[in-house]
Amino acid sequence: MDKLALTAGALYVIVLLRAGGTFAVGWLAGAGARRSRLAGRISTPRFQRAERAIQRWGAPVVAVSFLTVGFQTAANFLAGSMRMPLPRYLPALFVGGAAWALIYATAGLGVLEVLGRLFAQRPALGAFAVATLLLAACGVVVYRRRRAAPSCGDTAADES
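Residue positions within a chain follow its written sequence, with the count starting from 1. Residues qualify for local features only when their pLDDT is at least 70, as the model is predicted, and side-chain atom pairs are given and counted only at 80 or more; totals for whole chains, interfaces and linings, by contrast, use all residues. The basis for every side-chain value is the complete set of non-hydrogen atoms in the structure, without hydrogens or water.

Draft legend 1. Examining the overall build of the protein more closely. Numbering of helices and strands runs from the N terminus; a helix is a DSSP stretch of H or I covering at least four residues, while a strand is a stretch of E covering at least two. Of the regular secondary structure elements, the protein holds six helices and zero strands. Sequence-ordered secondary structure for the protein, helices as α and strands as β, is α-α-α-α-α-α. Radius of gyration means the value over C-alpha atoms here, while the globule rule gives 2.2 Å times the residue count to the 0.38 power. Its C-alpha atoms give the protein a radius of gyration of 21 Å, more than 25% over the compact-globule value 15 Å for 160 residues. Put simply, the protein has 160 residues, and 22% of those count as buried. It only takes one pair of heavy atoms within 4.5 Å for two residues to be counted as in contact. Of all intrachain contacts in the protein linking residues separated by at least 6 positions in sequence, the fraction that spans at least 24 positions is 76%. Working definition: with a 1.4 Å probe on protein chains only, accessible area under 20% of the residue-type maximum means buried, over 50% means exposed, and in between means partly exposed.

Structure below.
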């Protein structure tokens with residue numbers, strides 16, 4: 001149990017620093033944009049309504065974003081750039097970060113323990129399991145990139 005607590009604690013510190021840093025970078029980027037040529041575009045009533053909505057209702061989105069893959073950084077950056085008040089952001093960061101740390105500590109340690117036992121008892125099967133996991137991860141990356149890339153037919157239709 002001590003290993004789990006130590007891992008969760010370390011992951012919690014890491015996620016607080018990473019997500020809080022992303023929020024701070026977003027805050028600075030938003031402040032810079034407000035002083036740049038973009039100031040006219042981001043001072044429209046529509047943008048200000050969106051900013052007020054994020055400031056008011058964004059905390060639950062930030063907290064839930066920790067349970068997703070790929071959306072967490074965007075949610076924290078957007079919360080910062082849209083100047084979400086710290087009294088709303090920090091509780092979402094602490095709750096969402098705790099959930100993230102616990103999930104990754106328990107699932108991560110479980111997978112590592114299973115792989116460790118597998119390598120100790122059957123090294124060939126352990127190597128096969130790691131290779132399968134790596135191939136699956138590579139397959140997901142290739143699939144997403146192919147889906148996101150425009151096909152040749154799409155670019156020809158856009159040019160006409």
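The structure having been displayed, the exposition proceeds.
Draft legend 2. Here's a closer look at the nonpolar core. By nonpolar core we mean a set of buried residues, namely Ala, Val, Leu, Ile, Met, Phe, Trp, Tyr and Cys, connected to one another through side-chain atoms within 4.5 Å. Membership of the largest hydrophobic core comes to 17 residues, with the highest contact counts inside it found for V62, F66, A79, M84, Y89 and W100. Counting only elements with at least two residues in this core, the list comes to α1 (2-34), α2 (45-65) and α4 (86-121). When residues in this core are grouped by element, the largest group, six residues, is from α4. Residues contacting V62, with those up to four places away along its chain left out, are A75, N76, A79, M84, Y89 and A92.

Draft legend 3. View of helix α3 (residues 72-81). For α3, every residue scored as buried is listed here: Q72, A75, N76, A79, G80 and S81. Tucked inside the fold, the buried residues of α3 contact α1, α2 and α4.

Draft legend 4. Geometry of the environment of G21. With respect to the secondary-structure elements, G21 resides in helix α1. In this structure, the C-alpha to C-alpha distance between G21 and N76, residues 55 residues apart in sequence, is 8.8 Å.

Draft legend 5. Representation of the packing of α1 against α4 within the structure. Throughout, an axis means a line fitted to C-alpha atoms (over the contacting stretch in the case of helices), and angles, computed between N-to-C directions, take values from 0 to 180 degrees. Interaxial distance between α1 and α4 falls to 8 Å at its minimum, and their mutual angle equals 140°. Judged by the inter-axis angle, α1 sits oblique to α4. Judged by the sense of rotation from one axis to the other, the crossing of α1 with α4 is right-handed. Residue polarity follows a fixed list, in which Ala, Val, Leu, Ile, Met, Phe, Trp, Tyr, Cys and Pro are nonpolar, Asp, Glu, Lys and Arg are charged, and the others, Gly among them, are polar. Residues of the contact of α1 with α4, tallied by class, amount to 19 nonpolar, four polar and two charged. An angle below 35 degrees is treated as roughly parallel, one above 145 as roughly antiparallel, one from 65 to 115 as roughly perpendicular, and anything else as oblique. For a crossing to be left-handed, the near helix must be turned anticlockwise from the far one by less than a right angle; the clockwise case is right-handed.

Draft legend 6. How the structure looks around the packing of α1 against α3. Contact geometry for α1 and α3: axes closest at 6 Å, N-to-C directions at 45°. Comparing their axes, α3 and α1 come out oblique. Of the two elements, α1 crosses α3, and the hand of that crossing is right-handed. For the pair α1 and α3, the contacting residues are V15, R18, A19, T22, F23, V25, G26, W27, A29, G30 and R34 in the first and Q72, T73, N76, F77, A79, G80 and S81 in the second. For the contact of α1 with α3, the per-class residue count stands at eight nonpolar, eight polar and two charged.

Draft legend 7. A look at unusual backbone geometry. Residues other than glycine seldom take positive phi values, yet R83 does so here, at roughly 55°. Along the chain, R83 falls in the loop between α3 and α4. Relative accessible area serves as the criterion here: at 36%, R83 is assigned to the partly exposed category.

Draft legend 8. Inspection of the side chain of T22 at higher detail. One can find T22 in helix α1. Excluding residues that lie within four positions of it along the chain, T22 makes contacts with T73, N76 and F77.

Draft legend 9. Just the packing of aromatic side chains, in detail. Aromatic contacts are taken between Phe, Tyr and Trp rings whose centres are within 6.5 Å, Trp giving its six-membered ring; a plane angle under 30 degrees counts as stacked, one over 60 as edge-to-face, and the others as tilted. If you walk through the whole model with that rule in mind, you get three aromatic pairs. Arranged with centres 5.8 Å apart and planes meeting at 45°, the rings of F23 and W27 form a pair that is tilted. With F23 and W27 both in helix α1, this residue pair falls four residues apart, about one helical turn. Following the ring pairs from residue to residue traces out a cluster consisting of F23, W27 and Y89. Over the face of the ring belonging to W100 we find R18, whose NZ or CZ atom lies 5.5 Å from the ring centre. As a reminder, the over-ring test applies to NZ of lysine and CZ of arginine, requiring each to be within 6 Å of the ring centre and within 35 degrees of the ring normal.

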